[in-house]
Amino acid sequence: MSFKKYDGVIVGTGPAGIFTALELVKSNQKILLLDKGKSLEDRVKQGVRDVGSGWGGSGAYSDGKLNISTTAIGVKITDYLKEEDFVRLVLKADQIWVKYGAPKKLYGTDQRKIAMIEKALKKTRLEIKISPIRHIGTGRTFEVLEKMYDHLRQNMEIKFEAEVEEILVDEQKKVRGVRLRGEKEILASWVVVAPGRCGSGWFTGEVEKMGLKKIIHPVEIGVRVEVPAKVMKKVTDVLYEAKISYRTKTFDDFVRTFCMCPNGFVTDEVVGVNGHPVISVNGHTFSDRKSNNTNFALLVKNSFTQPFNQPNLYGSYVTGLANLLSGGVLVQRLGDLLAGRRSTVERIKSGQVKPSLNTAVPGDLAFSLPYRHLSNLLEMLKEMDKLAPGIFSFDTLLYGNEVKFFSAGPSLSPCLETEIKNLFACGDGAGVSANLLHAAVTGLRVGEEINKRFYEKNLET
Ligand SMILES: Cc1cc2nc3c(=O)[nH]c(=O)nc-3n(C[C@H](O)[C@H](O)[C@H](O)COP(=O)(O)OP(=O)(O)OC[C@H]3O[C@@H](n4cnc5c(N)ncnc54)[C@H](O)[C@@H]3O)c2cc1C
């Protein structure tokens, strides 16, 4: 067994880990960044889309929409961070993205046009959250992340294909370091765990092993909707992404749109929890290539309590049904679903919306989604048609199933420290963020806290 001592170790080089490092770089500590995936250069070279692992994490192949919202979406980041810290860090994180090459252009700022959209919404039961959006675009995200890499690698050590298997803790409940797969121990005064969704199963296991209290979040299950771009144009030209939500009449469930991709492409994504990987759906818009369609996720949020309380496991089983039926992602025309029949290759071909995900297999979502979900989704689509006529059309494509897991993360303090001293957790894998900007915000918060303790000489173990 070999040992090496660092001031600190950051596990995961997605946006949460990178922004922790960007904040800490000023302090001249001896820091090691570890990722089980590859460098950005090698990720590109290997040609295969590994959406979640390596430099940039899921952010590398993401759509790069920065939601400069000072209200939390999906998970309640403000349950952890003080409101004033959150607002300050959102603006700070945004400016860092811009410094490394995110475009200056902001959507969602034209108040006159926003007022027109809000007026149209008053005639519906839909609600909207308006926030400025900066769109980097898939492709350009690589350039931005590469610049961050060039800056950080001059000041700290970065190791790829280095999977952390265990977090080391001493008897006084202080962190001691990490152990890599292959028995190599790395000692450090502090450890930041930022493992993203792809590492959340592993992290939940570690949280259980360390005997820490877990916070269980709801699961969101639904479909990816694809329509001709002109259907959403009036909304997407102004807002880029419309964050619309709806409380259904039948089940009183919360349904929302997520990750709207104007002129974008639908994509598949391997996600999973506790050894149950499944193929889900996602979407993105390239910075240099456009489709004629717009896609967005439509998700139903559910929690469980007694006797079953494993929302993520439920989500993987439901998504697994679509995989079982299609071998991956299933696609169906809305008209076929309403007519109670499956879509076929011919039926999809004869439709007006050409699928942007060629590998999706035509089938029947009524076999893969529970009645509750289907009913909720159809109700909201019908309501959305009042805002953007054409959404509830025969040829609208529905891809299933899309699932959003929130990690069963540990209970955390306002500076995102676990019950183990100097062990911090941030980003999607800790269950405290669900997008690029908020992952970055949580990384900055952790970085600021470690800097404070470092300067106060309060980090020695
Ligand atoms: C197709 C797609 C499009 C998206 N589009 C957008 C968008 O437009 N806007 C937006 O805001 N968000 C988008 N997202 C979501 C966004 O990418 C994530 O919210 C964000 O990347 C989360 O950052 P993170 O650092 O927490 O985790 P991640 O980016 O997932 O990074 C985690 C890293 O940790 C590493 N890791 C995990 N476990 C270990 C371990 N045990 N040892 C070592 N390393 C480990 C992983 O390899 C990975 O590199 C998109 C996601 C996808 C997949």
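None of the values given here were measured: they were computed from a predicted structure.

*Asks:* Let's hear about the overall build of the chain: which residues, and what values?
*Replies:* In terms of regular secondary structure, the chain is built from 12 helices and 19 strands. Scaling as 2.2 N^0.38, a compact globule of 461 residues should have a C-alpha radius of gyration of about 23 Å, and the chain matches this with 22 Å. Its C-alpha atoms put the chain at 65 × 45 × 45 Å along the principal axes. Partitioning the intrachain contacts of the chain with sequence separation of at least 6 by distance along the chain shows that 75% fall at a separation of at least 24.

*Asks:* Help me get a handle on the domain arrangement of the chain, residues and values and all.
*Replies:* By the assigned domains, the chain splits into domain 1 (5–101 + 136–215 + 408–455) and domain 2 (219–404). Domain 1 and domain 2 are separated by 29 Å when their C-alpha centres are compared. Listed as interface residues are 14 residues of domain 1 and, on the opposing side, 19 residues of domain 2. Per-element tally for the side of domain 1 that touches domain 2: the top contributor is helix α6 (residues 200–209), with 3 residues. Residue classes in the side of domain 1 that touches domain 2 are distributed as 3 nonpolar, 7 polar and 4 charged.

*Asks:* Can you explain the site of the ligand? Please cite residues and give values.
*Replies:* Taken together, 47 residues sit near the ligand, with Gly 14, Gly 57, Gly 196, Gly 199 and Gly 427 positioned nearest. Of all the elements in the fold, those that place two or more residues in the shell around the ligand are α1 (15–24), β3 (65–67), β13 (265–273), β14 (276–284) and α12 (436–455). Across the shell around the ligand, the residue classes tally to 16 nonpolar, 23 polar and 8 charged. Shared between two domains, the shell around the ligand takes at least three residues from each, and those domains are domain 1 (5–101 + 136–215 + 408–455) and domain 2 (219–404).

*Asks:* Account for unusual backbone geometry, with residues named and values stated.
*Replies:* Gln 306 connects to Pro 307 through a cis peptide bond whose omega is -5 degrees. Position of Pro 307 relative to the elements: it lies in the loop between β15 (293–302) and α8 (311–326). In the segment running from Gly 400 into Asn 401, the intervening peptide bond is cis, with an omega of -10 degrees. Of note in this structure, Asn 28 is not a glycine but carries a positive phi near 55 degrees. Take Asn 28: there are 11 C-beta atoms within 10 Å of it, and that puts it in the exposed class. Of note, the phi angle at Glu 161 is positive, near 50 degrees, even though the residue is not glycine.

*Asks:* Outline the sheet that holds strand β16 (residues 330–333), supporting the account with residue identities and numerical values.
*Replies:* Each strand in a sheet pairs with another by means of backbone hydrogen bonds, the pair being arranged parallel or else antiparallel. Pairing within the open sheet is mixed, and its 8 strands lie in the order β4-β11-β12-β15-β10-β18-β16-β17. Both edges of this open sheet fall to β4 (127–129) and β17 (361–362), since each of them pairs with a single strand only. The sheet contact formed by β4 and strand β11 (residues 243–247) spans 3 bridges and is antiparallel. Each bridged residue has a counterpart across the sheet, and for Glu 127 the counterpart in β11 is Ser 245. Contacts from helix α11 (residues 371–387) reach β10 (219–228), β11, β12 (254–261) and β15, with the element oriented near 130 degrees to β15.

*Asks:* Go over the packing of helix α3 (residues 83–99) against α12, please, and point to the residues and values.
*Replies:* The interhelical angle for the contact between α3 and α12, taken along N-to-C directions, is 110 degrees, at an axis separation of 9 Å. If you check the angle between α3 and α12, you find them roughly perpendicular. For the pair formed by α3 and α12, the contact residues are Asp 85, Phe 86, Leu 89, Val 90, Lys 92, Ala 93 and Asp 94 on the first element and Leu 437, Ala 440, Val 441, Leu 444 and Arg 445 on the second.

*Asks:* Describe the nonpolar core, naming the residues involved and giving the relevant values.
*Replies:* In terms of nonpolar packing, the biggest core is built from 123 residues, with Val 9, Val 11, Val 191, Leu 298, Tyr 399 and Cys 426 touching the most fellow members. For this core, the element with the highest residue contribution is α12, accounting for 8 residues. The two domains that each donate at least three residues to this core are domain 1 (5–101 + 136–215 + 408–455) and domain 2 (219–404). In contact with Val 11, not counting residues within four places along its chain, are Leu 34, Val 164, Val 178, Val 191, Val 192, Val 193, Ala 194 and Pro 195.

*Asks:* Now, about helix α5 (residues 140–153): what can you tell me, with residues and values included?
*Replies:* End to end, α5 covers 20 Å across 14 residues, agreeing with the expected 20 Å (1.5 Å per residue, within 8%). Those residues of α5 lying buried are Thr 141, Phe 142, Val 144, Leu 145, Met 148, Tyr 149 and Leu 152. Buried residues along α5 cover an arc of 165 degrees about the axis, so they all sit on one side. Where α5 is buried, its residues contact α1, α2 (40–46), α3 and β6 (157–159).

Rules used in this analysis
Residues numbered from 1 in each chain as written. Predicted model: local features only at pLDDT ≥ 70, side-chain atom pairs only at ≥ 80, totals over all residues. Helix = DSSP H or I, 4+ residues; strand = E, 2+ residues; numbered from the N terminus. Rg over C-alpha atoms; globule rule 2.2 N^0.38 Å. Contact = placed C-beta atoms within 7 Å. Domains from an automatic or database assignment. Nonpolar A, V, L, I, M, F, W, Y, C, P; charged D, E, K, R; others polar. Near = placed C-beta within 6 Å. Buried ≥ 20, exposed ≤ 12 C-beta atoms within 10 Å, placed from the backbone. Pairing = 2+ DSSP bridges. Axes fitted to C-alpha atoms, helices over the stretch in contact; angles between N-to-C directions. Parallel < 35°, antiparallel > 145°, perpendicular 65-115°, else oblique. Core = buried A, V, L, I, M, F, W, Y, C linked by C-beta atoms within 7 Å. Expected span 1.5 Å × (residues − 1). Arc of directions from axis to C-beta.

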